[in-house]
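Breakdown of the fold
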Amino acid sequence: MKQVVVLGAKGRFGRSAVTAFQASGWQVRAFGRNWTGIAEAGVKRITGDVMDEAALNAACAGCDLIINAVNPPYEDWAATLPSITNAVIKAAKRVGATVVIPGNLYNYGAGCPPVLREDTAWRPTARKGHMRVDMENAYRASGVRTIVVRAGDYIDTEQSGNWFDVQIAKNAHKGRTSYPGVLDALHPWAFLPDVAAATVLLCEQRDAFGAFEEFGFDGYSLTGLQLADAIAVAVNRPQKVVGVPWRLVKVMGLFNPTLRELAELRYLWNVPHVMDGRKLLQALPGFTPTPLEDAMRIALRKDIR
């Protein structure tokens, strides 16, 4: 039976990956620090720390896939990301598994072109971008078969601490959208269940791919105004669009490491860019993303806000 272990299974991508792989008939191991509630049928929960070599090896034993969805707090990346990367590479080599990474756009930097492709040069300008490039290059050099599914900001089915639910749509049901960037600049969005579903389909044909393969996920390319309009339709209420007080964020960042890191990535909201998803669609010709209207209605249900 096909077996996958999802590291960081309690995080936003990890949670969606567990659901998607389980629904597709995979035997799923969900690896996390602690658990509450009842697991989904067919999902084995494993408590452990990715830096515990014995626990990680035991969790990965016999698995065809390792989903590396571990996402430390921004302020801990410098101290933990290289160690996590090395631990996962070592475990993958031990069991002969393919590693899957949810990719972001930090690699491209503030000078990125308007359309981002798999062959677009990585020229990071933020610390997080340099760390992501180092991480992905480590997988590329390791010889471990690696699949990167790269997307813009997520629209999730529940509150998961992303820009959409924490800031942008937090007060949508009150008629207020808070947008952090230039309102007429295109920005890429992806409905997280779609990204997870596409990841499963890619993994099921992984033997046809190279040792290190990137796939850009083109969900919805929207300006700030278009996003606000979609939110208005979903909640059936006109939206007043307001900005984010970035000057205050920078000042608060002097005392709050997370805000400091967010401020460094502000360019993502001001530099127009979209994902080119043609490579993914060539690999998955039958894949159809959720329509924007449906994704918004699901994300903005009052019972999950």
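Data block above holds the structure.
We now turn to the structure provided with this report. Along every chain, residues carry numbers that run from 1 in the direction the sequence is written. Totals for whole chains, interfaces and linings use every residue, but because this is a predicted model, local features are given only for residues with pLDDT of at least 70 and side-chain atom pairs only at 80 or more, for both listing and counting. Side-chain numbers come from the whole structure's heavy atoms, not from hydrogens or water.

1. Let's talk about the layout of surface pockets
Rules: Definitions used for this entry: grid spacing 1 Å over protein atoms alone; cavity, a set of points where a 1.4 Å probe fits but cannot get out; pocket, an open set with protein on both sides within 12 Å along at least 5 of 7 lines; lining residue, one with an atom within 4 Å of a point. Grid points are joined across faces, edges and corners, and a volume is the space filled by probe spheres set on the points. Every helix listed is a DSSP run of H or I at least four residues long, and every strand listed is a run of E at least two residues long, numbered separately from the N terminus.
Considering only enclosed or pocket space, the second largest pocket measures out at about 220 Å³ in volume. Every residue lining the second largest pocket is counted, 12 residues in all, and those nearest its centre are Ala9, Arg15, Trp35, Glu40 and Arg45. Contributing elements (two or more residues each) for the lining of the second largest pocket: helix H1 (12-23) and strand E3 (43-47). Looking at the lining of the second largest pocket element by element, the count peaks at 3 residues for H1.

2. Quick word on the packing of H1 against helix H6 (residues 192-203)
The axes of two packed helices give the description: the angle between them and the distance between them. This is how the line gets drawn: To obtain an axis, a line is fitted to C-alpha atoms, over the contacting stretch when the element is a helix, and the angle between two such axes runs from 0 to 180 degrees between their N-to-C directions. By the definition adopted for this analysis, an angle is roughly parallel if under 35 degrees, roughly antiparallel if over 145, roughly perpendicular if from 65 to 115, and oblique otherwise. By definition, any crossing whose near helix is turned counterclockwise from its far helix by less than a right angle is left-handed, and any crossing with a clockwise turn is right-handed. Note on definitions: a residue-residue contact is assigned when non-hydrogen atoms from the two residues lie within 4.5 Å. Here the term charged refers only to Asp, Glu, Lys and Arg, the term nonpolar to Ala, Val, Leu, Ile, Met, Phe, Trp, Tyr, Cys and Pro, and the term polar to all other amino acids, Gly among them.
The N-to-C vectors of H1 and H6 enclose an angle of 55°; their axes lie 9 Å apart at closest approach. With respect to each other, H1 and H6 are oriented oblique. Crossing handedness for the pair H1 and H6: right-handed. In this structure, H1 uses Arg12, Phe13, Ser16, Ala17, Ala20 and Phe21 to contact H6, whose residues at the interface are Leu192, Val195, Ala196, Ala197, Thr199, Val200 and Cys203. Of the residues contributing to the contact of H1 with H6, the split by class is 10 nonpolar, 2 polar and 1 charged.

3. Overview of helix H3 (residues 77-95)
Convention followed: Helix span is expected to be 1.5 Å times the residue number reduced by one.
Taking 1.5 Å as the rise per residue, H3 with 19 residues should run 27 Å; its terminal C-alpha atoms sit 26 Å apart, in good agreement. Where H3 is buried, its residues touch strand E1 (3-7), helix H2 (53-60), strand E4 (65-68), strand E5 (98-103) and helix H4 (127-142). After H3 finishes, the residue Gly96 shows a positive phi value of roughly 70°.

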